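# Observations on chain architecture
One-letter residues, chain by chain:
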Amino acid sequence: MRAKVDQYAEQMAETVQESVHSASALKVMQRIERLEGDLHDPEGARDAAAAIKQNVLDHLAEYLHIFEQRLIAAGARVHWARDAAEARQTVIDICKATGVRSIIKSKSMLSEEIELNQALEHAGYEVVETDLGEYIVQIDGDRPSHIVTPVIHKSKAEISRLFERMGLGPYTESAEELTMQARRHLREKFRAADCGITGVNFAVAESGRVVICTNEGNGRYTASAPPVHIALMGIEKLIPNDQSLAPFLKLLARSATGQRLTVYTQFIRAPRATGELDGPREMHVVIVDNGRSAILADPECHEVLRCIRCGACLNVCPVYRQTSGHGYFSVYGGPIGAVLSPLLEAGRRQPAPASCFAHPGTPSARPSTPVPDAPRGTPVPHPTDLIAPEFAELPKASSLCAACADVCPVRIPLPEMLLTLRARAVRHGFAKLSGAPDFRPFAAVATRPSAWRATVAATRLPGARIATKFPIASLRAWRRSRDLPPFPKTGFRQWWRKREKQK
Amino acid sequence: MSDASRREIFARVTQALGREPRPTAPAPPSANSVREVSFANLPELLDLFTVRWIELGGEVWHGHPAHDAQPSPPPVPSNSAATSLASFLQQNGCRTVAIETEARALLGENTLAGVTLVDLCAPEHRLRDLLFSCDAAITIADGAIAETGSLIMHSGAQRARLASLAPPLHVALLRRDTICADVLDALTRLSPATSAAFWVTGPSKTADIAGILVRGIHGPGRVAVMLL
């Protein structure tokens, strides 16, 4: 059984792979230009961002509390959701209470993580994704293939045919025309929607602001046009105060696409104030856990919660470039996804601590039962042993080149975490892939000098290279996507002896 | 449900961190106060802002003719500013133009020849009709950021968040002495009380379709600054 990511890469259309590859390469170049060319101290900014995010995680309870207080004082409503089901229900309850029928959404990875759209549609609401790429994904019934550029895998022709089918306009090869078709169609949605759901890039505790960074303008419409605004965020999105936003605003857009800032940076504190001519009447912030608190408890992997979802690690990853996000079969792909997906999934299955039920005056406190959607018989992992079997092979979708660690603006030690998760998978017996050959024969030869010398000598025999292609099934499988270097004519020891003699 | 959820989330976080939450606010580490722009004199800031703004595809022109000589611009624009604004709008075929009260006040008694100015108004459906159908909107920019080429705007009384978003062309009136140096600077000036502040860094754009950059996807495809 070969890894899903290998199988996926194999069947990908070459044109798609090329466009994923070249778009990623371009963004990598732009990132370097903007970071190194622009900033006086890019490494200092990364250090600061990493330290601030770590400080937030180390004091998460305090920051959450402060943030909540500020929002409430400003007139916003704060909701808490333990898991995906609760988050979905919270959004539906808000919509029910406010008489909403039509909903517009701007980009939110979290909303995909909790599978919000299907739930809303099932409950009878019209939901329209308004980010152009996400809109295309939605009307095509597809999935996004990259955190920042969701339809990097689609051609102009495909998109135009899709728009034509949906009645947006006639077939055209012009990207400008296609964009205008989408603009005209979505404008009407902005105008008429009852509710707007956004994500949150940063949640500033001290000032109680929700910061949203976007390029198209749909994020501004979504937060400002409908009478109800719902902002969805994970518990880890906090930032201490306005000034500590500086390194993040310096790094986010530069790391993602090489821009200095995204076109629109919104700082939202409250619903419409007296005298303002527009703006939502109600602002709701839904703060979601969904496995994050379990990762917080993981001494080896909690730093992954620093992630600001810039996508730089995806752009630079050789494996991502060969497969796009779809190859990871998870909401989060690329190096960050290879770490987050197995952790989040396992984290969701952690039972609640006993202490939260010891509160007096909670007649509705339920007994401590496992989270309902954990499969029967799934062992409950220890905090230091989080890894979900369904995603256990993702950490192996890596060459361990560590390019991701080089680009991460908050210095998440992704390569170390990939190794940690691989070890956990092995301990649990989760990752059984025939792609990796048995290394015991190699170990046997490598620990016996005479055997080693004999093997090396054998590589100089005619037909030696060809011999590596047939005999052993696992070696064959391993070799399918790896090239052996040419065997040298002379062994190193011979060369060394000769060299020493010449001196 | 939310109360029980809140309790549980805090309990999980508390358990994860291995200690009870403290009553005092934590002390965050320094935010890396390396300045990206080390100068603060207005003419240089203005130059940098102009370069960055134009790089992004923004447009900019001076509302007053003799700008360099003046240490600080007059608070009320002269006739020439109104004339210059009118001619810009006419050149761009803008016939119906929405205008914010404060912007209207800045123009004083002047009207704009050849252009129908419509004030932002209540009720909301009329406001929306206006903003979704006008050719352009004129608003005040509360400031700008030289480093990034950004305009700073706050929501406020008699202002509409959609005025700088819905029309295809947005004209911002910007006083030169409100330009600040860089992002760090701009963050220290974020008003603590405003319900929504936003920074606009060029025209709306996307490259979602085959990586091809297109302007004006949802927000204005053209943004123009008249400097005062």
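What this report covers is the structure whose coordinates are included nearby. (Residues numbered from 1 in each chain as written. Chains lettered and ligands numbered in written order. Predicted model: local features only at pLDDT ≥ 70, side-chain atom pairs only at ≥ 80, totals over all residues. Heavy atoms only, no water.)

## Considering helix H5 (residues 124–133) of chain B
Under the convention used in this document: Relative accessible area decides the class of each residue, using a 1.4 Å probe on protein chains only: under 20% of the type maximum gives buried, over 50% gives exposed, and in between gives partly exposed. Strands here are runs of E lasting at least two residues and helices are runs of H or I lasting at least four, both read from the DSSP assignment and numbered beginning at the N terminus. The contact rule is simple, with two residues in contact once any of their heavy atoms fall within 4.5 Å.
All of the buried residues along H5(B) are Leu127(B), Arg128(B), Leu130(B), Leu131(B) and Phe132(B). Packing partners of the buried residues in H5(B) comprise helix H10 (175–192) and helix H11 (218–224) of chain A together with strand E2 (96–99) and strand E3 (116–119) of chain B.

## Some words on the environment of Val339(A)
All names here are of chain A. Mapped onto the secondary structure, Val339 falls in helix H16 (residues 334–347). A relative accessible area of 0% places Val339 in the buried class. Taking the C-alpha atoms as reference, Val339 lies 9.1 Å from Phe391; in sequence the two are 52 residues apart. Those residues in contact with Val339 that lie beyond four places of it in its chain are Val304, Leu414, Met417, Leu418 and Leu421.

## Concerning the interface of chain A and chain B
When the parts of a complex come together, some accessible area is lost, and that lost area is often taken as the interface size. Threshold: By definition here, a salt bridge exists when the distance from a side-chain nitrogen of Lys or Arg to a carboxyl oxygen of Asp or Glu is within 4 Å. For this classification, the nonpolar set comprises Ala, Val, Leu, Ile, Met, Phe, Trp, Tyr, Cys and Pro, the charged set comprises Asp, Glu, Lys and Arg, and every other residue, Gly included, is treated as polar. Note on pairing: DSSP must find at least two bridges between two strands before they are called paired.
Across the contact, 111 residues belong to chain A and 88 residues belong to chain B. Put simply, chain A and chain B have 8 salt bridges between them. Where Lys250(A) meets Glu36(B), a salt bridge forms, and the shortest distance between an N and an O atom there is 2.8 Å. At 11 residues, H10(A) tops the list of elements feeding residues into the side of chain A that touches chain B. In the side of chain A that touches chain B, the residues fall into 53 nonpolar, 30 polar and 28 charged. With 5 bridges joining them, strand E9 (residues 264–268) of chain A and strand E9 (residues 196–200) of chain B adopt antiparallel strand pairing. Counterpart to Tyr264(A) in the pairing with E9(B) is Val200(B).

## What to know about helix H2 (residues 14–38) of chain A
All names here are of chain A. Which entries qualify depends on this criterion: Expected helix span is given by 1.5 Å per residue-to-residue step, counting one fewer step than there are residues.
Compared with an ideal rise of 1.5 Å per residue, which puts 25 residues at 36 Å, H2 spans 35 Å between its outermost C-alpha atoms and is within 8% of the ideal. Among all positions in H2, only Val16, Val20, Ser24, Lys27, Val28, Arg31, Leu35 and Asp38 are buried. Tucked inside the fold, the buried residues of H2 contact helix H3 (42–58), helix H12 (245–257), helix H14 (312–316), helix H15 (318–323) and helix H17 (403–407).

## Digging into unusual backbone geometry
Residues and elements named next belong to chain A. Positive phi is not limited to glycine here, since Arg309 has a value of about 55°. Within the element layout of this structure, Arg309 appears in the loop between helix H13 (292–296) and H14. According to the relative accessible area criterion, Arg309 is buried, its value standing at 13%. The phi dihedral of Phe329 falls on the positive side, at around 50°, and the residue is not glycine. Along the polypeptide, Phe329 turns up in the loop between H15 and H16. For Phe329, a relative accessible area of 36% translates into the label partly exposed.

## Some remarks on the sheet that holds strand E2 (residues 102–105) of chain A
Residues and elements named next belong to chain A. Basically, it comes down to this: To get an axis, fit a line to the C-alpha atoms, keeping to the stretch in contact for a helix; angles then go from 0 to 180 degrees between the N-to-C directions.
Across the sheet, 6 strands lie side by side as E1-E10-E7-E4-E2-E3; this open sheet has parallel pairing. The sheet is open, and its two borders are formed by strand E1 (77–81) and strand E3 (126–129), each paired with just one other strand. Sheet twist, expressed as the average angle between the axes of neighbouring strands with direction ignored, equals 20°. Note that E1 and strand E10 (residues 282–288) share 5 bridges and pair parallel. In the sheet register, Val78 faces E10, and the bridge partner there is Val285. Contacting E2 and E3, H10 runs over the sheet at an angle of about 130° to E3.

## Here's the deal with the packing of H10(A) against H5(B)
Operational definition: For classification purposes, angles smaller than 35 degrees are called roughly parallel, those larger than 145 roughly antiparallel, those between 65 and 115 roughly perpendicular, and all remaining angles oblique. In a left-handed crossing the near helix is turned counterclockwise from the far helix by less than a right angle, and in a right-handed crossing that turn is clockwise.
It is the contact of H10(A) with H5(B), at a shortest axis distance of 11 Å, that shows an interaxial angle of 160°. It follows that H10(A) is roughly antiparallel to H5(B) by the angle criterion. The chirality of how H10(A) crosses H5(B) is right-handed. Residue-level contacts link Arg187(A), Phe190(A) and Arg191(A) of H10(A) to Arg128(B), Asp129(B), Leu131(B) and Phe132(B) of H5(B). Residues that form the contact of H10(A) with H5(B) fall into these classes: 3 nonpolar, no polar and 4 charged.

## Some words on the packing of aromatic side chains
Heads up, the condition is: Pairing of aromatic rings covers Phe, Tyr and Trp, the last through its six-membered ring, and needs centres within 6.5 Å; plane angles under 30 degrees mean stacked, over 60 mean edge-to-face, and all others mean tilted. Comment: the charge-over-ring label is applied if NZ (Lys) or CZ (Arg) is within 6 Å of the ring centre and within 35 degrees of the ring normal.
Counted under the stated rule, the structure contains 13 aromatic pairs over all chains. Geometrically, the ring pair formed by Phe190(A) and Tyr221(A) is stacked, given 4.1 Å between the ring centres and 10° between the ring planes. On the criterion of sequence distance, the pair formed by Phe190(A) in helix H10 and Tyr221(A) in helix H11 is long-range, its members being 31 residues apart. Taken together, the aromatic side chains of Phe190(A), Tyr221(A) and Phe132(B) make up a single cluster linked through ring pairs. Lying across the ring of Phe329(A), Lys4(A) places its NZ or CZ 5.3 Å from the centre. Directly above the aromatic system of Phe198(B) lies the positively charged group of Arg220(A), at a separation of 4.1 Å from the ring centroid.

## Section: the sheet that holds strand E12 (residues 222–227) of chain B
Residue and element names in this part refer to chain B. Here we have 6 strands laid out as an open sheet, ordered E1-E12-E7-E4-E2-E3, and parallel in their pairing. Two strands in the sheet have a free side with no partner beyond their single neighbour: strand E1 (59–62) and E3. Neighbour to neighbour, the strand axes of the sheet diverge by 25° on average, direction disregarded. Across 3 bridges, the pairing between E2 and strand E4 (residues 136–141) is parallel. Each residue of the ladder has a partner; that of Ile99, found in E4, is Ile138. Lying over the sheet, helix H2 (residues 42–55) contacts E1, strand E7 (169–174) and E12, oriented at roughly 145° with respect to E1.

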